[in-house]
Amino acid sequence: MLIEELDILKNTVLGEIDLIQYSERKKLADIRVRVFGKNGTLTLISKGMRDVEPQDRPRVGALINEVRNAIENSLAMKENQFKNQELNEKLENEKIDITEPAKCQSKGAVHPISDVIDKMIDICVKMGFSVVEGPEVESDYYNFEAMNIPKNHPSRDMQDTFFINDNILLRSQTSAVQAREMEIRKPPFKIICPGKTYRNDSDSTHSPIFHQLEGLVIDENVSMADLKSMLTILMKRLFGEDTTIRFRPSFFPFTEPSIEVDVSCPTCHGKGCSLCKSTGMLELLGAGIVNPKVLEISGIDSKKYRGFAFGFGLDRTAMILNSIGNIKYLYKNDIRFLDQMK
Ligand code: PHE
């Protein structure tokens, strides 16, 4: 009786396992419970051993083991097969196509003013200048008085700026850094200072906030010839070797003599175009031999030392280098404009 039951159980379960497809693989666990579980078919049959005649027990016992092993093996084989299939399916789904073109990040660009500052620093550092910075919120003393522009001096009119109170203002020129550096440095020295400056001005070539680059050289035998040759090299490196330079007499309270410097228009090379307003030249900076009074105010012996100084308008330089028609574009933060600087 039991033997027959075991035979039937073995054949039906093995047949059932054989037919199970990958999609119905959960059924394997059900069969395991149905056969080997607490009330599973084989478990109950094993319990029935009690009623088997003692002389038949070894044979029935061996058969039970055989059936158990056969079903276990068959289940294990199927489970293994499905596991491999599952793994392959996963690998297939997670496959990375390395030939697919990458998604491009849109690239940023250096702002034209930062670009000019970088270029200027690069050129000047090679000439032996150190780069320094000064405060944008400055005292009346450093911005004006130490630069030989006393209170109520008419030349203050040209640099009307934004006052925080009677003594504190937004610096109208990077020249304010000259006095600060002369106070703390021992000559000889060569410095440049790029930075923001402020004035009460606003039109297509003036903005209330703009940028300058100040240069100062203090040494024993500094002359106008040194200033002119240094500026000529700087301009040619910045705008190209074929650039011509024009020096004009000018006036600044802190330099004596003073000059203004123009470069040939890099767009039309001096022929005349809309950028240079048909003059062929563009005004770019003020410069001169440091007024001995300015040296004395900041504690430098004007009998022993002389100096030259220059102050570039960086916005203008950026506009010239990139043919930008209106200074306001530099401050609009418009991606369409900045995109063109790539
Ligand atoms: N500070 C002057 C200006 O803003 C420029 C300048 C700098 C002139 C240094 C001479 C020497 O106009």
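Analysis parameters
- Residues numbered from 1 in each chain as written.
- Predicted model: local features only at pLDDT ≥ 70, side-chain atom pairs only at ≥ 80, totals over all residues.
- Heavy atoms only, no water.
- Helix = DSSP H or I, 4+ residues; strand = E, 2+ residues; numbered from the N terminus.
- Rg over C-alpha atoms; globule rule 2.2 N^0.38 Å.
- Buried < 20%, exposed > 50% of the residue type's maximum accessible area, 1.4 Å probe, protein only.
- Contact = heavy atoms within 4.5 Å.
- Areas by Shrake-Rupley, 256 points an atom, 1.4 Å probe, with all protein chains shown as cover.
- Lys, Arg positive; Asp, Glu negative; His and termini not counted.
- Charge placed at Lys NZ, Arg CZ, Asp CG, Glu CD.
- Domains from an automatic or database assignment.
- Pairing = 2+ DSSP bridges.
- Near = heavy atom within 4 Å.
- Polar contact = N/O pair within 3.5 Å; in protein donor to acceptor, adjacent residues only side chain to side chain.
- Nonpolar A, V, L, I, M, F, W, Y, C, P; charged D, E, K, R; others polar.
- Phe/Tyr/Trp six-rings, centres within 6.5 Å; stacked < 30°, edge-to-face > 60°.
- Lys NZ or Arg CZ within 6 Å of the ring centre and 35° of its normal.
- Patch = residues over 30% accessible without salt bridge, like charges linked within 9 Å, V, L, I, M, F, W, Y side chains within 5 Å.
- Salt bridge = Lys/Arg side-chain N within 4 Å of Asp/Glu carboxyl O.

Trainee: Even after reading the chapter, I still don't get the overall build of the chain, so can you show me in this structure?
Mentor: Broken down by element type, the chain carries 11 helices and nine strands. Rg of the C-alpha trace for the chain: 44 Å, well past the compact-globule value of 20 Å for 342 residues, more than 25% over. Structurally, the chain occupies a C-alpha span of about 130 × 45 × 35 Å along its principal axes. Within the chain, the proportion of its 342 residues that are buried is 41%. In the chain, once contacts between residues fewer than 6 apart in sequence are set aside, the share between residues at least 24 apart is 66%. When the accessible surface of the chain is split by element, carbon and sulfur atoms take 52% of a total near 19700 Å². On the chain, the mean spot of the 45 positive side-chain charges and the mean spot of the 49 negative ones are 1 Å from each other.

Trainee: What should I look at first to understand the domain arrangement of the chain in this one?
Mentor: A common way to state how big an interface is: give the accessible area lost once the parts meet. With domains assigned, the chain is organised as domain 1 (2-93) and domain 2 (112-340). Between domain 1 and domain 2, the C-alpha centre-to-centre distance is 93 Å.

Trainee: Help me out: how do you make sense of the pairing of strand 6 (residues 245-252) in this one?
Mentor: Along any regular strand the residues' side chains alternate between the sheet's two faces. Bridging between strand 6 and strand 7 (residues 255-264) involves seven bridges; their strand directions are antiparallel. Bridging from a neighbouring strand, R248 pairs with E260 of strand 7. Linkage of strand 6 to strand 7, two consecutive antiparallel strands, is achieved through a turn of two residues.

Trainee: I keep staring at helix 10 (residues 314-322) and nothing clicks. Help me out?
Mentor: One full turn of an α-helix is made of 3.6 residues, so residues set three or four places apart face in the same direction. Listed in full, the buried residues belonging to helix 10 are L314, D315, T317, A318, M319 and I320. On its buried face, helix 10 is in contact with helix 5 (112-126), strand 5 (209-219), helix 8 (224-239), strand 8 (281-290) and strand 9 (306-313). Looking one or two residues past helix 10, S323 carries a phi angle of roughly 50 degrees, positive in sign.

Trainee: Please explain the sheet that holds strand 5 as it appears in this structure.
Mentor: What links the strands of a sheet is backbone hydrogen bonding, and the strands pair in either a parallel or an antiparallel sense. In space, the seven strands of this open sheet follow the order 1-4-5-9-8-7-6, with mixed pairing throughout. Single-partner strands in this sheet number two, and they are strand 1 (130-131) and strand 6. Note: strand 8 against strand 9, five bridges, orientation antiparallel. Looking across to strand 9, one finds that A287 is bridged to F310.

Trainee: Can you help me understand the site of the ligand in this one?
Mentor: As a matter of local geometry, the ligand sits amid 15 residues, with Q173, S175, R199, Q212 and E214 nearest to it. A distance of 2.9 Å is found between a nitrogen atom of the ligand and a side-chain nitrogen or oxygen belonging to S175. Between the ligand and Q212 there is a distance of 2.9 Å, counted from an oxygen atom to a side-chain nitrogen or oxygen. Relative to its unbound accessible area of 330 Å², the ligand is 92% covered by the protein chains. Secondary-structure elements contributing two or more residues to the shell around the ligand are strand 5, strand 8 and strand 9. If you tally residues by element for the shell around the ligand, the top one is strand 9, at three residues. Split by residue class, the shell around the ligand holds five nonpolar, eight polar and two charged.

Trainee: Teacher, can you tell me more about the packing of aromatic side chains here?
Mentor: Think of a pair of aromatic rings as described by two things: how far the centres are apart, and how the planes are tilted against each other in angle. This model, assessed by the stated rule, comprises six aromatic pairs. With centroids separated by 5.1 Å and ring planes inclined at 75 degrees, the aromatic side chains of Y141 and Y142 adopt a geometry described as edge-to-face. For Y142, a relative accessible area of 14% translates into the label buried. Members of the aromatic cluster, joined through ring pairs, are F129, F310 and F312. For R180, the ring lying beneath its charged end belongs to Y142, and the centroid distance is 4.2 Å. Taking NZ or CZ as reference, K190 lies 5.1 Å from the ring centre of F129, over its face.

Trainee: Would you mind showing me how to read a negative patch on the surface here?
Mentor: A cluster of like negative charges, contributed by D157, D160, D201 and D203, occupies part of the molecular surface. Counting through the fold element by element, D203 comes out in the loop between strand 4 (189-198) and strand 5.

Trainee: Please clarify how the pattern of salt bridges should be interpreted in this entry.
Mentor: Once the charged atoms of two side chains with opposite charge are near each other, the side chains can pair. Within this structure, the stated rule accounts for 19 salt bridges. Among the salt bridges present, the one from R185 reaches E181, with a minimum N-O distance of 2.6 Å. By relative accessible area, which is 7% here, E181 ends up buried. Salt-bridge contacts for D339 lead to K342; the nearest nitrogen and oxygen are separated by 3.1 Å. Owing to a relative accessible area of 57%, K342 belongs among the exposed residues under this scheme.

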